[in-house]
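Each chain, written out:
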Amino acid sequence: MTHRIFAMPVAEVYPHYVTKVEKMGRTEAEVREAISWLTGFDDAAITRHLEKRTSFEDFFAAAELNPKTSLITGSVCGVKVQEVEDPLMQRIRFLDKLVDEISKGRPMEKVLRA
């Protein structure tokens with residue numbers, strides 16, 4: 001089953017991530033830091049993907065996933081991220097979880113599983 005979000009450009013969701021963390025006194029730079037940690041993309045690559053309107057599917061296909069992603073646990077929208085079976089959906093949920101943790105005031109060292 002293909003989820004609609006797979007074809008959605010990351011650029012459509014990204015502003016919502018930024019708004020969510022900024023409402024809680026955090027920054028866009030922290031969102032980018034989390035994306036970079038998760039995907040291996042540097043800031044320039046993230047900007048290129050946003051400008052090109054890369055889909056979530058292509059975005060994560062090009063990513064070098066952080067080996068510590070297995071340490072990302074917990075629920076997003078009532079779904080335990082570690083139990084999501086579809087690999088792409090799990091990566092999207094990992095990103096959602098990191099943004100969630102930033103917005104809840106978790107220190108970046110903990111968000112980035114340092």
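What this report covers is the structure whose coordinates are included nearby.

Cut-offs applied
- Residues numbered from 1 in each chain as written.
- Predicted model: local features only at pLDDT ≥ 70, side-chain atom pairs only at ≥ 80, totals over all residues.
- Heavy atoms only, no water.
- Helix = DSSP H or I, 4+ residues; strand = E, 2+ residues; numbered from the N terminus.
- Expected span 1.5 Å × (residues − 1).
- Buried < 20%, exposed > 50% of the residue type's maximum accessible area, 1.4 Å probe, protein only.
- Polar contact = N/O pair within 3.5 Å; in protein donor to acceptor, adjacent residues only side chain to side chain.
- Salt bridge = Lys/Arg side-chain N within 4 Å of Asp/Glu carboxyl O.
- Arc of directions from axis to C-beta.
- Core = buried A, V, L, I, M, F, W, Y, C linked by side-chain atoms within 4.5 Å.
- Contact = heavy atoms within 4.5 Å.

Section: helix α6 (residues 87-103)
Thinking step 1. With 17 residues, α6 extends 24 Å between its outermost C-alpha atoms, agreeing within 8% with the 24 Å of an ideal straight helix rising 1.5 Å per residue.
Thinking step 2. Buried residues dominate α6, accounting for 15 of its 17 residues.
Thinking step 3. Two to three positions downstream of the cap, the backbone nitrogen of Leu-88 sits 2.9 Å from a side-chain oxygen, assigning the N-cap of α6 to Asp-86.
Thinking step 4. Gly-105 sits one or two residues past α6 and shows a positive phi near 85 degrees.

Quick word on the pattern of salt bridges
Thinking step 1. Under the criterion given, the structure shown has nine salt bridges.
Thinking step 2. Among the salt bridges present, the one from Glu-101 reaches Arg-113, with a minimum N-O distance of 2.7 Å. Of this pair, Glu-101 sits in helix α6 while Arg-113 is found in the segment after α7 (108-111), placing the two residues 12 residues apart along the sequence.
Thinking step 3. On the accessibility criterion, Glu-101 (6% relative accessible area) is buried.
Thinking step 4. Through salt bridges with shared partners, a single network forms among Lys-20, Asp-100 and Lys-104.

With respect to helix α2 (residues 10-23)
Thinking step 1. Between its terminal C-alpha atoms α2 stretches 20 Å, which fits the 20 Å expected from 14 residues at 1.5 Å a residue.
Thinking step 2. Along α2, the positions that sit buried rather than exposed are Val-10, Ala-11, Val-13, Tyr-14, Tyr-17, Val-18 and Val-21. Down the axis of α2, the sector holding all buried residues measures 155 degrees, keeping them to one side. Among the exposed residues of α2, those pointing more than 90 degrees away from its buried face are His-16 and Lys-23.

Comments concerning the nonpolar core
Thinking step 1. Leu-38, Phe-56, Phe-60 and Leu-95 are the most contacted members of the largest nonpolar core, which totals 36 residues.
Thinking step 2. Looking at this core, the elements with two or more residues in it are α2, α3 (28-39), α4 (43-52), α5 (56-62), α6 and α7.
Thinking step 3. Top element by residues in this core is α6. It accounts for eight residues.
Thinking step 4. Among residues more than four places away in sequence, those in contact with Leu-38 are Phe-60, Glu-64, Leu-65, Asn-66, Thr-69, Ile-72, Arg-91, Phe-94, Leu-95 and Leu-98.

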